[in-house]
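For reference, the chains in residue letters:
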Amino acid sequence: MGIEIEFISKELIKPSSPTPHHLHKLHFSFLDQIQAQVSPPFTLFYEKSSTITNLERCNLLKKSLSMALNIFYPLAGRINNYSYADCNDEGALFIEAKANCHLSDILQNRNQYHNHRLKFIPLQPRQGIHQYGSLFQVTYFNCGGLALSFAMPHMLGDALSQFVFLNSWAAVARGNMNTNTNTLVDIPPIGSASIFPPLDSSDSDVMQLILKENFVTKSFVFDAIKLSALRDKYSGDGENLSRMQGLSVFLLSRITAAISRPKEGADKSRSVVVNAMNLRPFVDPPIPKNSFGNFVWMGVAIIDNLEHMAKEDEYCCEIGSRIRDSIKSVNKETVKKLQCDDQLNFLKETFAELRKEI
């Protein structure tokens, strides 16, 4: 049975207090400007509550969201081209919907969710999703459970920023008080333009990363035991890999094993492994860990696919070593290069090299 979604209501949630006039314009940094026009979504699933109805839960979400938007005020605004976000308090889009299935139908059949996941997102890319500062959708299941989806334009912040917002919103909803600051949440610095000055809007050739129109995606589930086993298997004799790095090695080795050997004399095929790296720890002078914005750069590892024809274990350990080295290459010096007067050429050279390898 396919999942069908019936939309119940749509409204705009505005901050509970007006955003001060001097904060109405959030200028984008160049790290904001080079992000693709995508709004990566998160969907969180909740079982039926024994103490509160779904109507009460939804009202709590709306009220606490309005309070959280006082802190994360760009999420209630609108995107204004590549220059700035208009923090005008027009409001975040909030939709209520109902699904014709139970929550267990989703959790017990992940392919079912993967095939219908876009139905849990308020708007699709061609419906102006990137204009809103944020979008939310609460979807009720027949069993009494619900799904909460959240998306915001990548130009406003990276994945860590999304988690910072979600954790802060949850703290507001719970009424948790920080005893050190006597506030519900630790208020983060908003934006990164003062650290990474924006590019001139005429530099359109580097305003977006490589982004193709269509993607093929699949969903796989690895439990903690398997992730640890992959990490240990591919760490080799040197420094241990992380679980994420071990999984990356495994996936790439399976991909390259599926690629046919090129004909003799043909160019070697290559794979490019790109890890999104958090720059916050490398900014000098230091910035708070919960800084909201785009503080992300690429750790790039280039792998010769023909090497998988050698001993597989040695090849996998080499992949792991290159991924680890690419991650280590992102450091304080990288931040300095991104802050220097010649930052535009640094960007162009990096993207040109990446395009050439792909």
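Structure report, in brief. Quick caveat, the model's predicted, so the values are computed rather than measured.

Remarks on the packing of aromatic side chains
Phase 1: A complete count under the given rule lists 15 aromatic pairs for this structure.
Phase 2: Note on Phe-72 and Phe-292: the rings are 5.4 Å apart at their centroids and 65° apart in plane angle, and the pair reads as edge-to-face. Of this pair, Phe-72 sits in the loop between α2 (54–71) and β4 (78–80) while Phe-292 sits in the loop between β9 (270–278) and β10 (296–304), placing them 220 residues apart in sequence. Accessibility classification places Phe-72 together with Phe-292 in one group, the buried group.
Phase 3: Where Phe-120 meets Phe-141, the ring centres are 6.1 Å apart and the plane angle is 40°; that geometry is what we call tilted.

Structural notes on empty space enclosed by the protein
Phase 1: A full pass over the atoms with the stated rule returns one cavity of 30 Å³ or more.
Phase 2: Counted as a void, the largest cavity has a volume near 30 Å³.
Phase 3: Along its surface, the largest cavity is lined by Leu-26, His-27, Phe-28, Asp-32, Met-155, Leu-156, Gly-191, Ser-192, Gly-293 and Asn-294.

Regarding the sheet that holds strand β7 (residues 135–140)
Phase 1: With mixed pairing, five strands are arranged side by side in an open sheet as β1-β6-β7-β8-β3. The open sheet terminates on both sides in strands that have one partner only, identified here as β1 (5–13) and β3 (41–46). Here the strands of the sheet are splayed against their neighbours by 15° on average, with no regard to which way each runs.
Phase 2: Pairing of strand β6 (residues 92–99) with β7 involves six bridges; the strand directions are parallel. Paired with Phe-94 across the strands is Phe-136, a residue of β7.
Phase 3: Seen against the sheet, α2 touches β1, β3, β6, β7 and β8 (146–151) and runs at an angle of roughly 165° to β6.

Some details on the nonpolar core
Phase 1: In this structure, Leu-65, Phe-72, Leu-75, Phe-94, Phe-136, Phe-165 and Trp-169 are the most contacted members of the largest nonpolar core, which totals 37 residues.
Phase 2: When sequence neighbours within four positions are dropped, the list of residues in contact with Phe-94 reads Ser-9, Lys-10, Glu-11, Ile-13, Cys-58, Leu-61, Lys-62, Leu-65, Phe-136 and Val-138.
Phase 3: If you look at the next biggest cluster of nonpolar residues, it comprises 32 residues, including Leu-230, Leu-241, Leu-279 and Tyr-315.

Some details on helix α5 (residues 159–174)
Phase 1: The end-to-end C-alpha distance of α5, which contains 16 residues, comes to 23 Å, matching closely the 22 Å that a straight helix rising 1.5 Å per residue would cover.
Phase 2: Those residues of α5 lying buried are Ser-161, Gln-162, Val-164, Phe-165, Leu-166, Ser-168, Trp-169, Ala-171 and Val-172.
Phase 3: Each element contacted by the buried residues of α5 is listed here: β3, α2, β7 and β8.
Phase 4: Looking one or two residues beyond α5, the residue adopting positive phi is Gly-175, at roughly 75°.

Overview of the side chain of Ser-192
Phase 1: Here Ser-192 shows up in the loop between α5 and α6 (224–234).
Phase 2: Among all residues touching Ser-192, those that are not within four sequence positions of it are Ser-29, Asp-32, Asn-294 and Phe-295.

Notes on the environment of Ser-64
Phase 1: Inspection of the secondary structure puts Ser-64 in helix α2.
Phase 2: A sequence separation of 105 residues divides Ser-64 from Trp-169, and the C-alpha atoms of the two residues are 6.7 Å apart.
Phase 3: Non-local contacts of Ser-64, meaning those with residues more than four positions away in its chain, are made with Trp-169, Val-172 and Ala-173.
Phase 4: Here the side chain of Ser-64 touches Leu-60 through a polar contact of 2.7 Å, landing on its backbone oxygen.

Points about the pairing of β8
Phase 1: Across the six residues that make up β8, a large majority, six, are buried.
Phase 2: Residues Leu-146, Leu-148 and Phe-150 of β8 are buried on one face, and the alternating residues Ala-147, Ser-149 and Ala-151, pointing to the opposite face, are buried as well.
Phase 3: In this sheet, β8 lies alongside β3 in antiparallel orientation, the contact comprising six bridges. Bridge pairing links Thr-43 to Ser-149 in β8.
Phase 4: Two strands pair when backbone bridges link them, and β7 and β8 are joined in this way by six bridges, in the antiparallel orientation.

Cut-offs used in this document
- Residues numbered from 1 in each chain as written.
- Predicted model: local features only at pLDDT ≥ 70, side-chain atom pairs only at ≥ 80, totals over all residues.
- Heavy atoms only, no water.
- Phe/Tyr/Trp six-rings, centres within 6.5 Å; stacked < 30°, edge-to-face > 60°.
- Helix = DSSP H or I, 4+ residues; strand = E, 2+ residues; numbered from the N terminus.
- Buried < 20%, exposed > 50% of the residue type's maximum accessible area, 1.4 Å probe, protein only.
- 1 Å grid on protein atoms, 1.4 Å probe; cavity = no way out; pocket = protein on both sides within 12 Å on 5 of 7 lines; lining within 4 Å.
- Points joined across faces, edges and corners; volume = space filled by probe spheres on them.
- Pairing = 2+ DSSP bridges.
- Axes fitted to C-alpha atoms, helices over the stretch in contact; angles between N-to-C directions.
- Contact = heavy atoms within 4.5 Å.
- Core = buried A, V, L, I, M, F, W, Y, C linked by side-chain atoms within 4.5 Å.
- Expected span 1.5 Å × (residues − 1).
- Polar contact = N/O pair within 3.5 Å; in protein donor to acceptor, adjacent residues only side chain to side chain.

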